[in-house]
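# Analysis of the macromolecular model
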Number of protein chains: 2
Amino acid sequence: MHITSVTSPAEARGRFRAGVRVPTAGWAPGHAQANMIIVPREYAYDVLLFGQRNPKPCPIIDVSDAGSPHTALAADADIRTDLPAYRVWRDGELVDEPGDITGYWADDLVTFLIGCSFTFETPLVAAGIEVRHISAGSNVPMYRTNRPCRPAGRLSGPMVVSMRPIPADRVADAVRISGQFPAVHGAPVHIGEPAALGISDLSTPDFGDAVEIKPGEVPVFWACGVTPQAAIMASRPPFAITHAPGHMFVTDVPDHTYAV
Amino acid sequence: MHITSVTSPAEARGRFRAGVRVPTAGWAPGHAQANMIIVPREYAYDVLLFGQRNPKPCPIIDVSDAGSPHTALAADADIRTDLPAYRVWRDGELVDEPGDITGYWADDLVTFLIGCSFTFETPLVAAGIEVRHISAGSNVPMYRTNRPCRPAGRLSGPMVVSMRPIPADRVADAVRISGQFPAVHGAPVHIGEPAALGISDLSTPDFGDAVEIKPGEVPVFWACGVTPQAAIMASRPPFAITHAPGHMFVTDVPDHTYAV
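Given the structure is predicted, the values throughout are model-derived calculations rather than measurements. (Residues numbered from 1 in each chain as written. Chains lettered and ligands numbered in written order. Predicted model: local features only at pLDDT ≥ 70, side-chain atom pairs only at ≥ 80, totals over all residues. Heavy atoms only, no water.)

## A closer look at the domain arrangement of chain A
Residues and elements named next belong to chain A. Examined at the domain level, chain A breaks down into domain 1 (9-116 + 235-252) and domain 2 (118-223). For domain 1 versus domain 2, the separation of C-alpha centres amounts to 21 Å. Counting residues at the interface gives 28 residues for domain 1, matched by 26 residues for domain 2. For the pairing of domain 1 and domain 2, the buried interface totals around 2300 Å² over both sides, and the portion due to carbon and sulfur atoms is 61%. (Domains from an automatic or database assignment. Contact = heavy atoms within 4.5 Å. Buried area = accessible area lost by both parts, 1.4 Å probe.)

Have a look at this one:
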């Protein structure tokens, strides 16, 4: 359980910097959260192009200069310490899940921050639509799909989706509300029929935790910012660092900045 | 004068390939047009990052693989021949304005296509808002501003804007309609008061042709895809090719694809 009453992004980052290691859904509500991927400068063009070519799963919202641990999305943050958990990858293999990446830092590392569907969860809740993983105090369930992303240079891989069960009579509202946030995954990519996405069992997500689907609810799938992580697992670059799924970077940017 | 009745993108590109050299506003109405910038692969990350950091003037809508003259936006097009006019740049200096760049092509060249405000001109006209440069049969007027773009690597420069005079009682409609197309510059960046943008004389645009501003009309300014060209003039990369301002790449993509 990680229900929180932390409402300030800076305070949230401070807790994570101090060692709190939890999924970030529900933290600092009203502020955008971001997926993260860090690669050497030599690999950065491929990542940036992968985002340009796959904007629904990989909406890149900031890119740091090589070697800089800072971002325009939170002036006082240090991306090496301020996420609750990281994953370190060598040749596509997960080699570490630290709470701090200072020891891995190098002057040629480029940080990409990618929009996160947590950004439209606050408006969903405000509209009276329950977000199950928040009420359950668990991580959002995420699944690899059978839909390939458009490759970019050396990067390719499947689209990953997050799933939220929505009462059938609120699905249209969930589409409308999330569709107002195209820069952070926007409207769902798929509604119902998980098998058509190649998902055989909703109770065994590839990332995060399973959630209960109640009678009368439909599984609704949004493109997910863990997609670049799946591309790393598929494409095996020599080195990369990502956030741990669900353990996001909490920005200072109000959610409504990304609304159209 | 270049009033046209050509309605098919493929036919428009065929005319330009055959040597017709005119601004493209009003050609193949209902189909998105694109700004273009081509740089060596070694410079491509800077251009892609410049677009990510300056999405309003530089919304990148497609990137070709190095050496490929093809784009996902028009399957049968060849970007070396299918624009009406090009500009070739060496060290930031304009060295040629050919109608074909086949002779300049090289295997390391990367092509960026960037959204164009012509995309929302059809909906403006459909709403009964006159687009002056179309009715005048001239090129849209474009101006360098005093607003710097966010630099990216070796690229920096001022934002360039296009200007359309709009009757005061239709300005809100023009904002609303163009705002539905955030991927192709979206809503205006500035309305009225050209001096506040550093524009001292609307009758002498930096690119394109001046247009008449009638009594009761307000100059409305949109971010313009000529901005990367201004960055090239300011940042002086060794080599680049762009479209000639107003002489765009006509894509097969329906305008409404970019509507939200």
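## Regarding the environment of I213 of chain B
Residue and element names in this part refer to chain B. Along the chain, I213 falls in the loop between β8 (190-191) and β9 (217-223). On the basis of relative accessible area, I213 is assigned to the partly exposed category, the value being 33%. Distance from I213 to P158, taken between C-alpha atoms, is 25 Å for residues 55 residues apart in sequence. Not counting chain neighbours up to four residues away, the residues in contact with I213 comprise R132, M163, P165, L202 and P219. (Helix = DSSP H or I, 4+ residues; strand = E, 2+ residues; numbered from the N terminus. Buried < 20%, exposed > 50% of the residue type's maximum accessible area, 1.4 Å probe, protein only.)

## Re the environment of F249 of chain A
Residues and elements named next belong to chain A. In this structure, F249 sits in strand β11 (residues 249-254). The exposure class assigned to F249 is buried, which follows from its relative accessible area of 0%. When the C-alpha positions of F249 and P182 are compared, they lie 19 Å apart, and in sequence the two are 67 residues distant. Those residues in contact with F249, other than ones at most four positions away along the chain, are R13, A32, Q33, A34, T71, A74, A77, I79, D82, L83 and L113.

## Remarks on the pattern of salt bridges
Using the criterion set out here, one finds 34 salt bridges over all chains in the structure. Put simply, E130 of chain A and R132 of chain A hold a salt bridge, and the shortest N to O gap is 2.9 Å. On the basis of relative accessibility, which here comes to 5%, the residue R132 of chain A falls in the buried class. Among the salt bridges present, the one from R170 of chain B reaches D173 of chain B, with a minimum N-O distance of 2.8 Å. Residue class for D173 of chain B comes out partly exposed when judged on its relative accessible area of 21%. (Salt bridge = Lys/Arg side-chain N within 4 Å of Asp/Glu carboxyl O.)

## A few points about the relation of the copies chain A and chain B
Between the two copies of the chain lies a relationship made up of a rotation around an axis and a movement along it. Rotating chain A by 180 degrees about the axis while translating it 0.0 Å along that axis superimposes it on chain B, leaving an RMSD of 0.0 Å. Expressed as an axis order, the relation between the two copies is that of a two-fold axis. In terms of C-alpha distance to the rotation axis, chain A has Y45 of chain A as its closest residue, with the C-alpha 2.7 Å off the axis. Comparing interface residues between copies, 100% of those in chain A also lie at the interface in chain B; the contact surface is shared. (Least-squares fit on C-alpha atoms with pLDDT ≥ 70 in both.)

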